[in-house]
Amino acid sequence: MLRVGVIGCGGMGKDHIKRLTNKIQGAEVTAVSDVFEESAKQAAAICGAKVYTDANELINDPDVDAVFIVSPGFAHVESLLTAIKAGKRIFCEKPLCTTAEDCLKVVEAEVASGKHLIQLGFMRRYDKGYMQVKEALTSGEYGEPLILHCTHRNPEVGTNYTTPMAVHDTAIHEIDVLHWLVDDEYESAQVIMPKVTKYSHSELKDPQIMLLRTKKGVCIDVEVFVNCKFGYDINCEVVCEDGAIKMPSPIYPSIRKNAAVSTTIDTDCFVRFKDAYDTEVQDWVDAAAEGAINGPTAWDGYLAAITADALVKAQETGAVEKINAAVEKPEFYK
Ligand SMILES: NC(=O)C1=CN([C@@H]2O[C@H](COP(=O)(O)OP(=O)(O)OC[C@H]3O[C@@H](n4cnc5c(N)ncnc54)[C@H](O)[C@@H]3O)[C@@H](O)[C@H]2O)C=CC1
Ligand SMILES: O=C1[C@H](O)[C@H](O)[C@@H](O)[C@H](O)[C@H]1O
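Residues numbered from 1 in each chain as written. Chains lettered and ligands numbered in written order. Predicted model: local features only at pLDDT ≥ 70, side-chain atom pairs only at ≥ 80, totals over all residues. Heavy atoms only, no water.

Participant: Please clarify how the site of ligand 1 should be interpreted in this entry.
Facilitator: In the region of ligand 1, 24 residues are neighbours, and Met12, Asp34, Glu93, Lys94 and Tyr277 sit closest. Note that an oxygen atom of ligand 1 is positioned 2.6 Å from one of the side-chain N or O atoms of Asp34. Between ligand 1 and the protein, one listed contact pairs an oxygen atom with a side-chain N or O atom of Tyr277 at 2.7 Å. Burial of ligand 1 by the surrounding chains reaches 77%, relative to a free accessible area of 850 Å². Under a 2 Å grid-point criterion requiring more than half of the atoms, the pocket assigned to ligand 1 is the largest pocket. For the shell around ligand 1, the secondary-structure elements that each account for two or more residues are α1 (11–22) and α7 (165–182). (Near = heavy atom within 4 Å. Polar contact = N/O pair within 3.5 Å; in protein donor to acceptor, adjacent residues only side chain to side chain. Areas by Shrake-Rupley, 256 points an atom, 1.4 Å probe, with all protein chains shown as cover. 1 Å grid on protein atoms, 1.4 Å probe; cavity = no way out; pocket = protein on both sides within 12 Å on 5 of 7 lines; lining within 4 Å. Sits in = over half its atoms within 2 Å of the grid points. Helix = DSSP H or I, 4+ residues; strand = E, 2+ residues; numbered from the N terminus.)

What follows is the structure, given as structure tokens:
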């Protein structure tokens, strides 16, 4: 039984604790940590785990074999470096870190440890819809991908949510999954700012249109609209030489009533990607027995971060910004 310590007991943290406690085979939560003790106590009530307010103490607890990092992105780097030093297996929620510089520190530390320790929570690679699109692309039946049209729509966000977060907190999912889909790397980034919705606030330009070009010339547009109000609406269409592949939306009944037809749109990621979270976490637990990592790695997190940094710069300049890795991909990740 893999004994897991969870750092960060907020919305995602509690969702993963319930998952690890009630759904996942081969793991149990033995410790939880949060800087707000009450949050940790609430989480401990779910799983009967030990309560910490210091993440480093949890990481070094001998009853913790593996660490789940679900604190805010800015807090990931310290926990990652501490857990690598302690030789613990790690599942880190996205983003790996909020800057490419910090991601590189983590990559270098993991490589130096000589052990594959980190899986990153880019769960869309485990989503059935994205996997079906990738299967269609890999079949070769539709020729080369040319253009991708995507949306990432949230019903609403809080006043702590700022313009750069649309990139490193939200679009980071598209940044990772889309280059994986088309099996290519990014070359440049640009951001176009439409008229701001009345539902936004002074620190957030919303919506945004993010444009990415890959090294093979595939052009991608991602509409990020985090105050769309109508639902949690994730779409992806790949236009190819011999056809267009549209990712299926979640299936709900079509209701006819009062001379109208309606269906359901999810309202958050926890429902929309529930199966993907379950699959990625089970994969991480199962791989623990072999000391392997099958899912996205810290290097994937670094690649996402250099693209995110370019998009954040493009938010400010409005220009097309180049995307370049500071280092070659280490053999360790090949
Ligand atoms: N994969 C996905 O689709 C999603 C991923 N996430 C990720 O999960 C992480 C947490 O996000 P949320 O739960 O939405 O945030 P949240 O703000 O609801 O919860 C964060 C929790 O971490 C605690 N915290 C802050 N600093 C800490 C530290 N140094 N050590 C321990 N706990 C600390 C806070 O007190 C809070 O309880 C983020 O990295 C976020 O990007 C969040 C939602 C969806
Ligand atoms: O990771 C997530 C969620 O998956 C949502 O899609 C985003 O909109 C949110 O900002 C982010 O925390």
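Participant: I tried to follow the domain arrangement of the protein on my own but got confused; where do I start?
Facilitator: In many analyses, interface size is given as the accessible surface area lost on bringing the parts together. By the assigned domains, the protein splits into domain 1 (2–122 + 275–296) and domain 2 (125–267 + 302–333). A straight line from the C-alpha centre of domain 1 to that of domain 2 covers 26 Å. Opposite the 24 residues of domain 1 that make contact, domain 2 presents 19 residues. In this assembly, domain 1 packs against domain 2 so that about 1800 Å² is buried in total across both faces, 69% of it on carbon and sulfur atoms. It is Lys94, Ala100 and Phe122 that lose the most area in domain 1 upon contact with domain 2, and together they represent 32% of the buried surface on that side. Taken together, the connections running from domain 1 to domain 2 amount to 7 residue pairs in polar contact (both at pLDDT 80 or more). When residues of the side of domain 1 that touches domain 2 are traced back to their parent elements, those giving at least two are α5 (100–113) and α9 (274–288). (Domains from an automatic or database assignment. Contact = heavy atoms within 4.5 Å. Buried area = accessible area lost by both parts, 1.4 Å probe.)

Participant: Mind showing me how you'd approach the UniProt feature "domain: Gfo/Idh/MocA-like oxidoreductase C-terminal" (unreviewed entry) in the protein here?
Facilitator: Residues annotated by UniProt as "domain: Gfo/Idh/MocA-like oxidoreductase C-terminal" (unreviewed entry) correspond here to residues 134–319. For residues 134–319, the end-to-end C-alpha separation is 31 Å, with 34% helix and 26% strand making up the annotated structure. (UniProt positions renumbered as here; feature names shortened; annotations may be inferred.)

Participant: Would you take a moment to explain the side chain of His152 for this structure?
Facilitator: Among the structural elements, His152 can be located in strand β7 (residues 145–153). A residue is classified by how much of its surface remains accessible, and His152, at 3% relative accessible area, is buried. Sequence-distant contacts of His152, defined by excluding residues within four places in its chain, comprise Arg124, Thr170, Ala171, His173, Glu174, Glu223, Val224, Phe225, Tyr232, Asp233 and Ile234. (Buried < 20%, exposed > 50% of the residue type's maximum accessible area, 1.4 Å probe, protein only.)

Participant: Would you mind showing me how to read the sheet that holds strand β8 (residues 186–192) here?
Facilitator: Two pairing modes exist for strands in a sheet, parallel and antiparallel, and in both the strands are linked by backbone hydrogen bonds. Pairing in this open sheet of 7 strands is mixed, and the strands run β12-β11-β7-β10-β9-β8-β15 from one edge to the other. Each end of this open sheet is capped by a strand with a single partner; those strands are β12 (243–246) and β15 (321–322). When β7 meets strand β10 (residues 219–225), the two strands line up parallel, connected through 7 bridges. Following the sheet pairing, Arg153 is matched in β10 by Phe225. In this fold α7 packs onto β7, β8, β9 (208–214), β10 and β11 (233–240), with an angle of close to 150 degrees to the strand it touches most, β7. Contacts between helix α10 (residues 298–317) and the sheet are confined to β8, β9 and β15, with β8 contributing the most and set at about 35 degrees to the helix. (Pairing = 2+ DSSP bridges. Axes fitted to C-alpha atoms, helices over the stretch in contact; angles between N-to-C directions.)

Participant: It is not clear to me how the sheet that holds strand β1 (residues 2–7) should be interpreted in this structure. Could you clarify?
Facilitator: Overall, parallel pairing links the 6 strands, which are arranged β3-β2-β1-β4-β5-β6 in an open sheet. Two strands in the sheet have a free side with no partner beyond their single neighbour: β3 (50–52) and β6 (118–120). Neighbouring strand axes in the sheet, compared pairwise and without regard to direction, differ in orientation by 25 degrees on average. Where β1 lies against strand β2 (residues 27–33), 6 bridges are found, and the strand directions are parallel.

Participant: Help me understand the side chain of Arg125 in this model?
Facilitator: Its place among the elements puts Arg125 in the loop between β6 and α6 (128–139). Engagement of the side chain of Arg125 in a polar contact is seen with the side chain of Asp300, the distance being 3.3 Å.

Participant: Whenever I open this one, the site of ligand 2 confuses me. Can you help?
Facilitator: Lining the immediate environment of ligand 2, one finds Lys94, His152, Asn154, Asp169, Thr170, His173, Tyr232 and Cys269. Within the side chain of His152, a nitrogen or oxygen atom sits 2.7 Å from an oxygen atom of ligand 2. Within the complex, 83% of the 300 Å² of free accessible area of ligand 2 lies under protein. Its atoms largely coinciding with the cavity grid, ligand 2 occupies the largest pocket. Considering every element that reaches the shell around ligand 2, the biggest residue donor is α7, with 3 residues. Partitioning the shell around ligand 2 into residue classes produces 2 nonpolar, 4 polar and 2 charged. (Nonpolar A, V, L, I, M, F, W, Y, C, P; charged D, E, K, R; others polar.)

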